[in-house]
Structure formats: C-alpha cells, structure tokens
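Close look at the chain arrangement
Residues per chain are reported as follows:
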Amino acid sequence: MAKLVYLELPVDNTEQSKAFYGAAFGWGFTDFGPTYAATTSGDTDIGFQADATAKTAALLPVILVDDLEAALAATVAAGATIIMPIFAFPGGRRFHFVDPDGHELAVMASNPAQT
C-alpha cells in the first residue's frame, strides 16, 4: 500500500535548517552531501534540499510504493504530468509528478537492502 513517508523542504542553508529543527524538536540529521540532510527515524522523515539546481519550489511530499514502474503508469493514467522521470538517489529510486491541481509530489521505492 502506498503511504506518505517523507517531506522534502527546499532550504537556503542546510546547516541553518538542521540547527533550527534540531533545537526546536530535538531531531538529529544525517548528511547526504554538502547541500542535503535528512532525519532517518523510519517514521515520516524530513529532508532539507539546499542545492539550487535540485530544490523544488515548495514542500515536496514523497509517497512510498512497492512497485515504482506500476505507480508511474498508474499516476500517468490518472492524469498526472511527469516532470522528473525515474532516477536513483541514496536509498532508492523515485520520480516527480504534478497532479491536476498543480502540486508537485514524488513517488519512491526503497532499495531492497533498505526495506
């Protein structure tokens, strides 16, 4: 079953965001490069994207599915516009789409070793 598992925030400064959310909520972060960090609690995690070439215009909800290709086909059949085809990232693969109301979301499948 598909479920919302991740929220990615576009930020200007990853270190500043980590400091704020760490102080405000006691969250710890794992760095995945100089411009990306995320919580890794296994619940609904949050990531900070500070790379100007990769960050989205708004909050990016990420939906976890078992079969990424089937989800891509179903999303397109339901009327979504694919704006970023399937690509790999640390932890899995994902694609981005825009729903009929103009909201950008991502759909991901975990690497088998990390499920």
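Look above for the structure.
Summarised in this report is the structure supplied together with it. Residue numbers restart at each chain and count upward from 1, following the sequence in its written direction. Local features are withheld for residues below a pLDDT of 70 in this predicted model, meaning they are given only at 70 or higher, and side-chain atom pairs are given and counted only at 80 or more; totals for whole chains, interfaces and linings count all residues. Based on all heavy atoms of the structure, the side-chain values leave hydrogens and waters out of the count.

So, the pattern of salt bridges
For clarity, the threshold we go by: Salt bridges are defined as contacts in which a side-chain nitrogen from Lys or Arg sits within 4 Å of a carboxyl oxygen from Asp or Glu. Helix and strand definitions here come from DSSP, where helices need a minimum of 4 consecutive H or I residues and strands a minimum of 2 consecutive E residues; each element is numbered from the N-terminal end. The buried label goes to any residue with under 20% of its type's maximum accessible area, the exposed label to any with over 50%, and the partly exposed label to all in between, with areas taken from a 1.4 Å probe on protein chains only.
Enumeration according to the criterion identifies five salt bridges in this entry. Between Glu8 and Arg94 there is a salt bridge whose closest N-O contact spans 3.4 Å. Taken together, the residues span a long stretch of sequence, with Glu8 in strand S1 (residues 3-10) and Arg94 in strand S7 (residues 92-98) at a distance of 86 residues. One exposure class covers both Glu8 and Arg94, and it is buried. A salt bridge links Lys18 to Glu15; its shortest N-O distance comes to 3.1 Å. Here Glu15 and Lys18 lie together in helix H1 (residues 14-25), a separation of three residues that amounts to about one turn. For Lys18, a relative accessible area of 15% corresponds to the buried category.

A word on the sheet that holds strand S6 (residues 81-89)
Our working rule: Any two strands with at least two DSSP-identified bridges between them are counted as paired.
Strand order in this open sheet of eight strands is S2-S3-S4-S1-S5-S8-S7-S6, and the pairing throughout is mixed. The open sheet is flanked by strand S2 (30-31) and S6, the only strands paired with a single partner. Sheet analysis places S1 next to strand S4 (residues 45-49), joined by five bridges and oriented parallel. Across the sheet, residue Tyr6 finds its bridge partner in S4, namely Asp45.

A word on helix H2 (residues 68-77)
To keep it simple, the criterion reads: It is the directions from the helix axis to the C-beta atoms that the arc portrays. Contacts are residue-level and defined by heavy atoms, with any inter-residue pair within 4.5 Å sufficient. Polar contact criterion, stated in full: a pair of N or O atoms within 3.5 Å, where within protein one must be able to donate a hydrogen and the other to accept it, and residues adjacent in sequence count only if both atoms are side-chain atoms.
Considered for burial, the residues of H2 that qualify are Leu68, Ala71 and Thr75. Looking down the long axis of H2, one finds its buried residues gathered within 60 degrees of arc, a one-sided arrangement. Along its buried surface, H2 packs onto S6, S7 and strand S8 (104-110). Of the residues that open H2, the one with a side-chain oxygen 3.2 Å from the backbone nitrogen of Glu69 is Asp67. Positioned one or two residues after H2, Gly79 has a phi angle of 115 degrees, which is positive.

That's the geometry; what it means functionally is another story.
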